[in-house]
Structures are given as C-alpha cells and as structure tokens.
Amino acid sequence: MTDIRFWVGFSLIPGIGRVRFQQLERHFGDLEQAWKAPAAELRQAGLDRRAMESILTGRSRISLDEEMEKLERSRVKVLIWPDPAYPSRLKEIPDPPPLLYLRGTLLPEDEVSLAVVGTRRATAYGREVAEGLVSDLVHSRITIVSGLARGIDSVAHRTALETGGRTIAVFGCGLDHIYPPENLKLAQAILEQGALVSEYPLGTLPRAENFPRRNRIMSGLALGVLVVEAGDASGALRTVEHALDQGREVFAVPGSILSPASRGTNRLIQEGAKLVRSAQDILEELNLTMIPRQLEMKELAPADEPELALLKLLSREPTHIDDLYRRCGLPVATVSGTLAVMELKGMVKQVGGMNYVLVREAQEAYGVRE
C-alpha cells in the first residue's frame, strides 16, 4: 500500500516537481525508499547536486507525522498518481501534478466538465454572458471548473452554485489561503457542491508565478475551455495555451471590437477557437447535448451514431483513445465527449491510461461481439 506521507514530504521540498518524482519512483520503486535513501543512492537516481541537497536539507526539517496531522485538521485529502480517485483526464496531460490537495468532493460526473475563464475586470456584458452560459451548461449537467479569481471566474462559480450545479475551484496557493480573500464565502459554498483543489501544499502563499502553472490543471480537468472575456494580456489566454497543448477544445465569446476586454477573445476566434453564441454551441461541439436525459434513464438509451461507431471498435480488451480517434474518423472533440457520456451511461469504462473497455451489459444489449 502506498504511503502518501512520503509524497506529501517530497511536495514540500523546493525544486521537486513531476520530473523528480518520476525519477525517484523509477529508481527506488516507491517514495518511502527514496525518502530514506542516503546521498549516494540519490545521486545514482540521476538527481543533480542542487536537487539532492534540497532533499537532504528538506527531509531533515520536515516531520511527516506533523504534516499529516495538519492536513487532517484542515480536512484536506491528498490524491496521488496511483490513486484510482485521481482525475483520469488530468493524469493524461503532459505535466500532471504528482499529487492534488483536495477539500470537498470529486465525483465521477465531474469528468464531464468545462473550464470557464476570463478577465478579472469583467464588463457588464461579460458578466451577463457568463451567467447565461454557465446556467445553461449546469442545466445540462456540466461541472464548471475555474480559478476563484475576481471577475469571470467568480461569476462562473457563483452561477453554477445558484443554479444547483457542481463546480471546482483550482488554487494557485495552499488550500489554507483563500485568494482573493473576499471570496472566502464563495469558497465555503463551493465545498458543499464541489471541490477546492491545488497542487501546492498547505502554507503556500498566492505568489504570481504560481497562477500560470495552476491554469494547466484547470484545462486538464476539463473537456474544453470557454473564454468569456479576455484582454490582450489576460491570464485566461495562458489557460488556452495549456488547453491546446493538452488537446482540449477552445471556445470563445465574441465581443465588441471597441472593447479592450474582448480583444483576446476576438483574436482567439480569428485563430480558430469555436465562436460561442449559446451553450448549445459548446454542447454540440463536445457531443454532450443528450446528457440530462441520459443520466435520468434507468436503462440503456438507444445509442446515437457516434456511440454506435465507437461500440463497433470497443471490446472487453482495453483500447486507447488515440486508436479510437484514428479508426472511427470522428473529430477528436466528438470522440472525447461521446466516451464521457458513454461512461456515464454505463456503456464503457476507463481502465487507466485513457484506455477504454466495453461493459458487459452494453455488449449484450447492442450485440457487440468479442
């Protein structure tokens, strides 16, 4: 059984990120052995002098038991790569966080989610559009992911809660620091209908350099990213860069050519982002238009054309999503969205590494052969 104490310990050591975690895991087999290893063995693991000294210094001053007690007092859970509860979509991005600190709950249905981002200085137009789009997305059972920032992020979270939906806030600091501080009540409300997550350990302050890295988690958790308003230098555009690197869909709301708050979104549309006039544009692009009805049905609904195409390619043996893209001839967004819906309907199951298998009941219902 994996002891998360050592994952927490390494996360507290400066300079130990994804690459170092992977080096240590590969060499030692588990992080407990790495934590206890002498300097010579750390050197054999391929660590440079700086990383090695950081580990030796860090573990001499860190009490793992005290850190675990601190997490328990703060009601913070830890999800690590090997944990089945670690979000499968996030695990597949180029730079997944080795561990996630979590308050609240992550549910299977949160796999069907959309990141909603935008400027901190939202206009009346941006707020109105964000409220309308998020409300309609929530009615279609889409979980809203955002960053708890001022402006569009706050509007997205608040609207999701008021509409009775689920929402996830991704922090650029430890979960014991609510930033901005005026969103304390909003963060507390999110705990009731979603989750607060961060890759940063407790005690980490909201430093400016943390937020661009935080954005990759927002896009990584979601099927796509919706940008409501963004200026030329908006941080929301960094989220778009991560989304493109991760193969996520990008959606943008058009605005006045005279408005500085719409310069970034209008440019995204010029460069190929999907222009959004209504939530239906997003749902159709991701093939999620039938989710409410599908979730309410007690028996398998008749499969639509994309589902039938994928059913022909799936079996009880794992098939990677990239193979499905190549073989079915459907757009990437359609395949991702359809698999998410099929998983909710109990037709397929993800078995790790973005590999999918056909559930036996679906195999029998649709007469699919092995």
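All figures in this text were calculated on a predicted structure; none of them were measured in a lab.

Draft legend 1. Representation of the pattern of salt bridges in the model. Overall, the coordinates contain 18 salt bridges when judged by the stated rule. A salt bridge links Lys70 to Glu67, with the nearest nitrogen and oxygen atoms 3.5 Å apart. Of this pair, Lys70 and Glu67 both sit in helix α6 (residues 64-73), 3 residues apart, which is roughly one turn of that helix. The salt bridge partner of Glu111 is Arg89, with a shortest N-O separation of 3.5 Å. Residue Glu111 is located in the loop between β2 (99-104) and β3 (113-117), and its partner Arg89 is located in helix α7 (residues 88-91); the two are separated by 22 residues in the primary sequence. Of the two residues, Glu111 and Arg89, both sit in the buried class.

Draft legend 2. Up close: helix α1 (residues 4-11). When you tally the buried positions in α1, you get 6 out of 8 residues, the bulk of the element. Residues of α1 that are buried make contact with α2 (18-28), α3 (31-36), α5 (49-61), α6, β1 (77-80) and β2. Near the N-terminus of α1, the side chain that reaches the backbone nitrogen of Arg5, with its oxygen 3.0 Å away, is that of Asp3.

Draft legend 3. The arrangement of the packing of α1 against α6 in detail. Interhelical geometry of α1 versus α6 gives an angle of 95° and a closest axis separation of 10 Å. Considering the angle they form, α1 stands roughly perpendicular to α6. Residue-level inspection shows Ile4, Arg5, Phe6, Val8 and Gly9 of α1 in contact with α6, the latter providing Leu64, Asp65, Glu67, Met68 and Leu71. Its residues assigned to classes, the contact of α1 with α6 comprises 6 nonpolar, 1 polar and 3 charged.

Draft legend 4. Quick look at the sheet that holds strand β5 (residues 167-170). Strand order in the open sheet formed by 9 strands is β1-β2-β6-β5-β4-β3-β7-β8-β9, and the pairing between neighbours is mixed. Strands at the two margins of the open sheet, each flanked by one partner only, are β1 and β9 (274-275). As judged from the 4 bridges shared by β5 and strand β6 (residues 194-198), these two strands associate in the parallel manner. Note that in β6 the partner of Val170 across the bridge is Val197.

Draft legend 5. Structural context of α2. For α2, every residue scored as buried is listed here: Arg20, Phe21, Gln23, Leu24 and Phe28. Looking down the long axis of α2, one finds its buried residues gathered within 160° of arc, a one-sided arrangement. Here the buried face of α2 lies against α1, α3, α4 (39-44), α5 and β2. Just past α2, the residue Gly29 takes up positive phi, approximately 90°.

Draft legend 6. How the structure looks around the sheet that holds strand β12 (residues 355-358). Strand order in the open sheet made by the 3 strands is β10-β12-β11, with antiparallel pairing throughout. The open sheet is flanked by β10 (319-320) and β11 (348-350), the only strands paired with a single partner. Bridge analysis of β10 against β12 gives 2 bridges, and the strand direction is antiparallel. Looking at the pairing, Thr319 lines up with Tyr356 of β12. Contacting β11 and β12, helix α18 (residues 332-344) crosses the sheet at an angle of about 105° to β11.

Draft legend 7. Representation of the packing of helix α9 (residues 152-162) against helix α10 (residues 184-192). Interhelical geometry of α9 versus α10 gives an angle of 45° and a closest axis separation of 10 Å. Relative to α10, the element α9 is oriented oblique. Between α9 and α10 lies a crossing whose hand is left-handed. Taking contact as the criterion, the partners of Ser154, His157, Arg158 and Leu161 in α9 are, on α10, Leu186, Ala189 and Ile190. Class assignment for the residues of the contact of α9 with α10 results in 4 nonpolar, 2 polar and 1 charged.

Parameters at a glance
- Every residue gets a number counted from 1 within its own chain, in the order that chain's sequence is written.
- Owing to the predicted nature of the model, reporting of local features is limited to residues with pLDDT of at least 70; listing and counting of side-chain atom pairs is limited to 80 or more, with chain, interface and lining totals taken over all residues.
- Note that the side-chain values use all heavy atoms of the structure and ignore hydrogens as well as water.
- Only one rule defines a salt bridge in this text: a Lys or Arg side-chain nitrogen within 4 Å of an Asp or Glu carboxyl oxygen.
- Secondary structure elements follow DSSP: runs of H or I of four or more residues count as helices, runs of E of two or more count as strands, with numbering from the N terminus.
- Exposed residues in this analysis have more than 50% of their type's maximum accessible area, buried residues have under 20%, and partly exposed residues fall in between, with area computed by a 1.4 Å probe over protein chains only.
- Residue contacts are defined here by distance: any two heavy atoms, one from each residue, within 4.5 Å place the two residues in contact.
- Distance and chemistry together define a polar contact, namely a pair of N or O atoms within 3.5 Å, with one atom able to donate a hydrogen and the other to accept it when in protein, and with adjacent residues in sequence counting only for side-chain atoms on both sides.
- Only the stretch in contact is used when a helix axis is fitted, and all axes are lines through C-alpha atoms; the angle between N-to-C directions ranges over 0 to 180 degrees.
- Note on terminology: angles under 35 degrees are roughly parallel, angles over 145 are roughly antiparallel, angles of 65 to 115 are roughly perpendicular, and the others are oblique.
- Gly is put with the polar residues, along with every residue not named as nonpolar or charged; the nonpolar set is Ala, Val, Leu, Ile, Met, Phe, Trp, Tyr, Cys and Pro, and the charged set is Asp, Glu, Lys and Arg.
- The criterion for strand pairing is that DSSP finds at least two bridges linking the strands in question.
- Throughout, the arc means the angular range of directions from the helix axis out to the C-beta atoms.
- The sense of a crossing depends on the near helix, which, turned anticlockwise from the far helix by less than a right angle, makes the crossing left-handed and, turned clockwise, makes it right-handed.

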